[in-house]
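A structural walkthrough
Residue strings, one per chain:
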Amino acid sequence: MKTKVSRKEAAEKIIHGTFLILGLVTVGCVLLITIYLVIAGIPAIGKIGFFKFVFGSTWASTAAEPSYGILPFILTSIYGTAGAIVIGVPVGFFTAVYLSKVASKRVKTVMGEAVSLLAGIPSVVYGLVGMLVLVPAIRNIFGIPDGSGLLAAIIVLAVMILPSIIKVSVNALEAVPKEYEDASLALGATPTETYFRVSVPAAKSGIASAVVLGVGRAIGEAMAVMMVSGNVPNMPSLFQSVRFLTTAVASEMSYSAGLQRQALFSIALVLFLFIMLINATLNFFLKRKREG
Amino acid sequence: MKKVVICVCAAMMAVMMLAGCGRSASKGSVTTDGSTSMQAVIGVLGEAFTAKNEGVNFTYNPTGSGSGITAVSNGICDIGLSSRALKDEEIASGLTATVLAYDGIAIIVNPNNPVENLTIDELSAIYTGEITNWSAVGGSDSAIVLIGREAESGTRDGFESITNTVDGCKYRQELTSTGDVITTVSQNPDAIGYASLASVKDSVKVIAVDGVIPTEQSVKDGSYAIQRPFILVTKTDVILNDTAQKFFDYAISNEASELILSAGAVPAN
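So, how was this worked out
Residues numbered from 1 in each chain as written. Chains lettered and ligands numbered in written order. Predicted model: local features only at pLDDT ≥ 70, side-chain atom pairs only at ≥ 80, totals over all residues. Heavy atoms only, no water. Helix = DSSP H or I, 4+ residues; strand = E, 2+ residues; numbered from the N terminus. Buried < 20%, exposed > 50% of the residue type's maximum accessible area, 1.4 Å probe, protein only. Contact = heavy atoms within 4.5 Å. Areas by Shrake-Rupley, 256 points an atom, 1.4 Å probe, with all protein chains shown as cover. pLDDT = per-residue confidence, 0-100. Salt bridge = Lys/Arg side-chain N within 4 Å of Asp/Glu carboxyl O. Domains from an automatic or database assignment. Buried area = accessible area lost by both parts, 1.4 Å probe. Polar contact = N/O pair within 3.5 Å; in protein donor to acceptor, adjacent residues only side chain to side chain. Pairing = 2+ DSSP bridges. 1 Å grid on protein atoms, 1.4 Å probe; cavity = no way out; pocket = protein on both sides within 12 Å on 5 of 7 lines; lining within 4 Å. Points joined across faces, edges and corners; volume = space filled by probe spheres on them. Nonpolar A, V, L, I, M, F, W, Y, C, P; charged D, E, K, R; others polar. Core = buried A, V, L, I, M, F, W, Y, C linked by side-chain atoms within 4.5 Å.

A few points about the overall build of chain B
Each helix and strand in chain B was counted, giving 10 helices and 11 strands. Going through the 269 residues of chain B one by one, you find that 51% of them count as buried. In chain B, the share of contacts with a sequence separation of at least 24, taken over all contacts with a separation of at least 6, comes to 74%. Per element, the accessible surface of chain B, about 11500 Å² overall, is 53% carbon and sulfur.

In structure tokens form, the structure reads like this:
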């Protein structure tokens, strides 16, 4: 008997150990990437000068007198992400309320499948459709010479972040205890009042994390954006050709050498810090709301 | 990728220098140095040459035309590679240029664009933003949309140096591949772009430059202006070692023409 138990214990220990090692693989990857980015990204910032790098408005990495200012990329990434959130969050939020509270079972199944499908489409396909359909459409609707630019990128990003916003919000809304809603209805509130006054506030932390996911996906997207944004390092403006932090790295990495390559790593480091900052800020607000 | 190639080549060169000439002479070696635009052409030639001559050591150091010319005149490599013609003073300093191939850069517009021909001056005025409307060059009254390539592209370098617009182009879009340029131009009736002649498809219209349509023939006889030669640079009064001479002869032979065509250039021989 005793040997059987200890054998079982040993097996348990081995399994736990294996899980721990597998878990550490993820942590190890994060550490490796972080350390590598910092080591690779710092030298160029030192050589160019921090203020010249972050607040310089001209990027001409291959000109006779190169200039490495990434302010256009930073602003474009911020504007692009903000625009995608402004369009994507309301659409995603109301879709989620509808799917979780109002829709009949059949509508819910069909719509839910459609949302899952949207999540599974590779970003290069978003880019291709954007390039062949959206860019010419923007050109015709607004009567401008060329449709590629910040607006096209914002629309593509808004569609790309929809699935994550909808799915996470639906899960959060469905997790609200039914008693809350029943109590509200029993007190005489209409169903709509109940959804927005009771269910949504109860699910706010889940909905907020849906927005975080959306921001994260939007700011980190490169492929789809590269195909519709025109890719010229201008200061951002709605109908101008722009370059994002991600596409700045992606479009020059294959050819770059020397200081230019180091500067691209510095851009990646800035992007990394941005994503950390966004996550930290939103986590902070989430925690404070939950405690307050 | 290029960085890797450079590192490998540098490492190979370092090893060869350390090992001395004795070892490399036994199997034979060819060292080439220069133009990055010639990477595709010299790559297929080098591969085919080493496949035919087992044990031969072939190296290519992609440093740019200028340093390739310097390297061969200093005796650092056997054959220099240049994607521009040699200047008079370079020829006077004792270098010989042998044209290996020509690289034509086609100017493409949307098939619906009525413009058939542009001069080099018009092209540089368009790309620097002096001419912004198609009506100024015989087209419809609409703004010109300039499509170009990313900063390090060999095609962009060739186009800008021939039209005298280096660092002066006011691009609307900077795309990262020839295919993207062709797709974008085929989608936008007001767009103009440039692409390697070998890659151009029917979805766009190739226009004449100074009255000449780019074809294999017009690139070869030099009547089409936006082209550059791919040149093998050697020292006039120094005889190449046997292996390097063998490679040189192979590269300009009829046998190699097919390979050069497959790499997207027009063979000179």
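A word on the side chain of Thr155(B)
Residues and elements named next belong to chain B. Tracing the sequence through the fold places Thr-155 in helix H6 (residues 154-162). Thr-155 sits in the buried class, given a relative accessible area of 14%. Excluding residues that lie within four positions of it along the chain, Thr-155 makes contacts with Ile-105, Arg-149, Tyr-194, Ala-195, Ser-196 and Arg-228.

Let's talk about the confidence of the model for chain B
Here chain B averages 83 in pLDDT, and 90% of its residues register 70 or above. Both confidence scores are given for the complex: pTM 0.75, ipTM 0.73.

Points about the pattern of salt bridges
Throughout the structure, instances matching the rule amount to 12 salt bridges over all chains. For Glu174(A), the salt bridge is made with Lys108(A), and the minimal N-O distance between the two is 2.3 Å. Linking Glu174(A) in helix H6 (residues 150-174) with Lys108(A) in helix H4 (residues 105-120), this pair joins segments that are 66 residues apart in sequence. Residues Arg156(B) and Glu174(B) are paired through a salt bridge, measuring 3.7 Å at the closest nitrogen-oxygen approach. With Arg156(B) in helix H6 and Glu174(B) in strand E7 (residues 173-175), the pair connects residues that are 18 residues apart, well separated along the chain. In this structure, Arg156(B) and Glu174(B) share a single accessibility class: buried.

A look at the domain arrangement of chain B
Residues and elements named next belong to chain B. Its domain assignment divides chain B into domain 1 (31-102 + 228-267) and domain 2 (103-226). The straight-line distance from the C-alpha centre of domain 1 to that of domain 2 is 29 Å. On the side of domain 2, 12 residues touch domain 1, which itself brings nine residues to the contact. Across the domain 1 to domain 2 interface the summed buried area is about 850 Å²; carbon plus sulfur atoms make up 55%. Counting the surface domain 1 buries against domain 2, the share from its top three residues, Tyr-102, Arg-228 and Val-266, is 68%. Along the contact surface separating domain 1 from domain 2 lie one salt bridge. Here domain 1 and domain 2 share one residue pair in polar contact (both at pLDDT 80 or more) between them.

Notes on the domain arrangement of chain A
Residues and elements named next belong to chain A. Per the domain assignment, the segments making up chain A are domain 1 (2-55) and domain 2 (71-291). Here the C-alpha centroids of domain 1 and domain 2 sit 28 Å apart. Domain 1 puts 15 residues into the contact, and the matching count from domain 2 is 12 residues. Of the roughly 1200 Å² buried where domain 1 meets domain 2, counting both sides, 80% is carbon and sulfur surface. Counting across the domain 1 and domain 2 interface gives zero salt bridges. Elements with a minimum of two residues in the side of domain 1 that touches domain 2: helix H1 (2-48) and helix H2 (50-55).

As for the interface of chain A and chain B
On the chain B side, the residues contacting the 25 residues of chain A number 22 residues. Between chain A and chain B, a total of about 2100 Å² is buried, with carbon and sulfur atoms accounting for 49% of that surface. Inspection of the chain A/chain B interface yields three salt bridges. The partner of Glu174(B) in a salt bridge is Arg243(A), with the nearest N and O atoms 2.9 Å apart. At the surface where chain A touches chain B, the tally comes to 13 residue pairs in polar contact (both at pLDDT 80 or more). Elements supplying a minimum of two residues to the side of chain A that touches chain B: helix H5 (123-142) and helix H12 (258-291) of chain A.

Notes on the confidence of the model for chain A
Mean pLDDT over chain A works out to 89, with 95% of the residues at or above the 70 mark. The lowest-confidence element of chain A is H12(A), averaging 81 in pLDDT; the highest-confidence one is helix H3 (residues 71-102) of chain A, averaging 94.

As for the pairing of strand E3 (residues 79-82) of chain B
All names here are of chain B. Of the two faces of E3, the one holding Ile-79 and Leu-81 and the one holding Gly-80 and Ser-82 are both buried throughout. Note that strand E1 (residues 29-34) and E3 share three bridges and pair parallel. Of the residues in E3, the one forming a bridge with Gly-34 is Leu-81. In this structure, E3 lies alongside strand E10 (residues 227-235), joined through three bridges in antiparallel fashion. Counted as the bridge partner of Leu-81 is Leu-232 from E10.

A word on H6(B)
Given 3.6 residues to a turn, an α-helix orients residues that are three or four positions apart in the same direction. Within the sequence span of H6(B), burial applies to Thr155(B), Arg156(B), Gly158(B), Phe159(B) and Glu160(B). If you follow the buried residues of H6(B), they end up packed against strand E4 (95-109), helix H5 (120-127), strand E6 (145-149), E7, strand E8 (191-196) and E10 of chain B.

Some thoughts on empty space enclosed by the protein
Tallying each qualifying case throughout the model produces two cavities of 30 Å³ or more. Its boundaries defined by the atoms lining it, the largest cavity holds a volume of some 80 Å³. Around the largest cavity, the lining residues are Met131(A), Val135(A), Pro136(A), Arg139(A), Asp146(A), Gly147(A), Ser148(A), Met227(A), Gln173(B), Thr184(B), Gln187(B) and Asn188(B). Contributing elements (two or more residues each) for the lining of the largest cavity: H5 of chain A together with helix H7 (178-187) of chain B. Examining the composition of the lining of the largest cavity, we find that four residues originate from one element, H5(A), more than from any other. Split by residue class, the lining of the largest cavity holds four nonpolar, six polar and two charged. If you add up the space inside the second largest cavity, you get close to 50 Å³. Taken together, Met131(A), Met226(A), Met227(A), Asn231(A), Glu174(B), Leu175(B), Thr176(B) and Asp180(B) make up the lining of the second largest cavity. Broken down by secondary-structure element, the contributors of at least two residues to the lining of the second largest cavity are helix H10 (223-228) of chain A together with E7 of chain B. Taken together, the residues of the lining of the second largest cavity break down into four nonpolar, two polar and two charged.

Digging into the nonpolar core
Of all hydrophobic cores here, the largest spans 30 residues; its most connected members are Ile107(B), Leu123(B), Ile126(B), Tyr127(B), Ile192(B) and Ile226(B). Those elements giving two or more residues to this core turn out to be E4, H5, E8 and strand E9 (205-209) of chain B. Element by element, the count of residues in this core is highest for H5(B), at five residues. Discounting residues that sit within four places of it in the chain, Ile107(B) has contacts with Leu123(B), Phe159(B), Ile192(B), Gly193(B), Tyr194(B), Lys205(B), Val206(B), Ile207(B), Val209(B), Tyr224(B) and Ile226(B). Tyr126(A), Ile138(A), Ala152(A) and Ala158(A) belong to the second largest nonpolar core, which has 26 residues in total.

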